[in-house]
Amino acid sequence: MPQFFLNKRLIILLVSIIILVALIGFSLRDRDQLSWPEKFVKDTAGWVQSIVATPTQYVVGIVENIKDLQNTYEENKELKTHLEDMARLEAKVYSLEQENAELTEILEIEGSIGDYEPMQATVISRSPDRLWHEMIIVNKGSSHGVQKNMAVMTARGLIGKVKSTTPFTSTVQLLSAMDPTNRISAALQGDKKLFGTIEGYDKENEWLLLKGLPIDAEIKKDQMVVTSGLGGIFPGDVPIGKVIEVVPDQFGLNQTAYLKPEADFYNISHVMILTRGMEIPEEIKVEGEEDEGEDL
Amino acid sequence: MKRFLVPLLLTLLFVIEGLFAQLLPANLFNGDYILVPRLLIMAIFFLTIYGSVKHGIIYGFVYGLLFDMVYTEIIGVYLFLFPLTTYFFLMIMKVVQTHILVVSFVSLISIAALEAAVYGMNLLIHIADIDFTSFTEIRLVPTLALNLIFVILFAYPFKKQFEKFADRLRND
């Protein structure tokens, strides 16, 4: 027995395993905020990263521009065909917007959950530990008004939500992360709005999973899925993806839809962090805080 | 100034790892495979073998903690595994020659061990939910292929740099 305790290496190993378990337990718990040493380290790292990232992105941008020039002719042709449709759509949007404004004035509705204000941010780093941690770090933080759980999108669609903030950077967890707590409330656009949650990612096909749709709902291919705006500080009507396939879930009580995401989760350099335009009522703010982290 | 050369080099590698995903052309392999650069731990391996063991393990701890805080937000996994794989690497190096080719090969093996250990840990805390075969296919093999290229490129510069570092330590 005394020999066991004299074995220095074994003691070190045991102590470090205990510390390891304690630290992992500490960081896995549903934290509202990072601890201050973490914030300090992340801010310092973010500063160094942005020094290196800015010139690199500039060079990468030039290379990409040259590449783009090669397909200009093809793209131009395609864009011209789209352009013809544009004028018609523009007129329609204008009249619809007018009509909408008039109607909301009559009904005295102030704002809608679809209103949001975008805040531009640049990606300064991406977690190299991909597949387990699909995260990007952007150069806007809590001092710019970013809060935990805010929606983040590129020009094409939703890419994820803010996982944590420090004063000058924030970490965005992408929708393609495997983390089972990464859930987002979504709505299927159609004659009748159907609600479900985005839960999980099919790595092989690069599809998102929309779970919890009613079993008797008729869902067609190519139907659009947007954020519902029902949870916390997420705005509504941010495009997520299009339905590819619908299957009943494992117990046959609900349906699961596979979506093709609108945004590209790989090639991200500029993002928009969305601040919801509509005020959140005080009661919901207090009540929602417990499950905000999981059930957005 | 020369005292800060090693931490500076390791910090640079740390930052490059974070930028790597943006530097790699997006349409390469159509995003089917995940290539993880492991330059930092590779440099730490070379530091332990050509520089000093003590410094290697300490840098393993420090950069493991940094990696956890900045890139994963789960403190503990890399903090524990960076020094442990460095130790594992040293154990193998005790029985084989310190020829640069052998060192490169053993560091690749150690990187594979690190990847597998990270997978195991993440499986335990329910972050990973894929089976071992798909993990090998999607992440392990491409990562090793990428790091093979890196080790070919950087083995000699690393060796030179850390031998100089060992010289400086001896002279102090």
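Residues numbered from 1 in each chain as written. Chains lettered and ligands numbered in written order. Predicted model: local features only at pLDDT ≥ 70, side-chain atom pairs only at ≥ 80, totals over all residues. Heavy atoms only, no water.

(A) View of the interface of chain A and chain B. If you look at the interface, chain A gives 47 residues, while chain B gives 46 residues. Between chain A and chain B, a total of about 4100 Å² is buried, with carbon and sulfur atoms accounting for 67% of that surface. When the area that chain A buries against chain B is broken down by residue, the three leading residues are Pro128, Trp132 and Tyr266 of chain A, summing to 18%. Of the charged contacts in the structure, one is a salt bridge between Lys42 of chain A and Glu73 of chain B, with a shortest N-O distance of 2.6 Å. Every element with two or more residues in the side of chain A that touches chain B is listed here: α2 (8-28), α3 (36-70), β1 (116-126), β2 (135-138) and β4 (158-165) of chain A. In terms of residue count, the dominant contributor to the side of chain A that touches chain B is α3 of chain A (eleven residues). Each residue belonging to the side of chain A that touches chain B can be placed in one class, and the counts come to 24 nonpolar, twelve polar and eleven charged. (Contact = heavy atoms within 4.5 Å. Buried area = accessible area lost by both parts, 1.4 Å probe. Salt bridge = Lys/Arg side-chain N within 4 Å of Asp/Glu carboxyl O. Helix = DSSP H or I, 4+ residues; strand = E, 2+ residues; numbered from the N terminus. Nonpolar A, V, L, I, M, F, W, Y, C, P; charged D, E, K, R; others polar.)

(B) Focus on the sheet that holds strand β8 (residues 207-214) of chain A. Residue and element names in this part refer to chain A. Spatially, six strands are ordered β6-β7-β8-β11-β10-β9 in a closed barrel, and the strand pairing comes out antiparallel. For this sheet, the mean inter-axis angle between neighbouring strands, taken without regard to orientation, is 45°. Examined bridge by bridge, strand β7 (residues 194-202) and β8 share four bridges and lie antiparallel to one another. In the sheet register, Ile198 faces β8, and the bridge partner there is Leu210. (Pairing = 2+ DSSP bridges. Axes fitted to C-alpha atoms, helices over the stretch in contact; angles between N-to-C directions.)

(C) Spotlight on the sheet that holds strand β12 (residues 270-276) of chain A. Around the barrel, which closes on itself, the six strands sit in the order β1-β2-β5-β4-β3-β12 (chain A) with antiparallel pairing between neighbours. Averaged over all pairs of adjacent strands, the angle between their axes in this sheet comes to 45°, without regard to strand direction. In terms of strand pairing, strand β3 (residues 151-153) of chain A meets β12 of chain A through three bridges, oriented antiparallel. By the bridge assignment for β12 of chain A, Val152 of chain A is matched with Ile273 of chain A. Taken strand by strand, helix α3 (residues 53-72) of chain B contacts β1, β2 and β4 of chain A, and its axis lies near 85° from that of β2 of chain A.

(D) Highlighting a nonpolar patch on the surface. A grouping of Leu10, Leu13, Leu14, Ile17 and Val21 of chain A together with Leu84 of chain B is seen on the molecular surface, where their side chains present a nonpolar patch of about 460 Å² in accessible area. Looking at which element gives the most residues to the nonpolar patch, the answer is α2 of chain A, with five residues. By the element assignment, Val21 of chain A lies in helix α2. Relative accessible area serves as the criterion here: at 55%, Val21 of chain A is assigned to the exposed category. (Patch = residues over 30% accessible without salt bridge, like charges linked within 9 Å, V, L, I, M, F, W, Y side chains within 5 Å. Areas by Shrake-Rupley, 256 points an atom, 1.4 Å probe, with all protein chains shown as cover. Buried < 20%, exposed > 50% of the residue type's maximum accessible area, 1.4 Å probe, protein only.)

(E) Geometry of the packing of helix α5 (residues 100-124) of chain B against helix α6 (residues 132-171) of chain B. All names here are of chain B. The N-to-C vectors of α5 and α6 enclose an angle of 145°; their axes lie 9 Å apart at closest approach. Once α5 is placed against α6, the crossing between them reads as right-handed. Of α6, the residues touching α5 (which contributes Ile100, Ser104, Ser107, Leu108, Ile111, Ala112, Glu115, Ala116 and Tyr119) are Phe132, Phe135, Arg139, Leu140, Thr143, Leu144, Asn147, Leu148, Val151, Ala155, Tyr156 and Lys159. (Left-handed = near helix turned anticlockwise from the far one by under 90°.)

(F) Inspection of the packing of aromatic side chains at higher detail. All names here are of chain B. According to the stated counting rule, one finds 22 aromatic pairs over all chains in the structure shown. Ring geometry for Tyr59 versus Tyr63: centroids 6.3 Å apart, planes at 45°, classification tilted. Remark: Tyr63 and Tyr59 occur in helix α3; sequence separation between them is four residues, near one turn of the helix. Accessibility assignment for this pair places Tyr59 and Tyr63 in one class, buried. Each member of the aromatic cluster is reached from another via a ring pair, and the members are Phe14, Tyr59, Tyr63, Phe67, Tyr71, Tyr78 and Phe82. (Phe/Tyr/Trp six-rings, centres within 6.5 Å; stacked < 30°, edge-to-face > 60°.)

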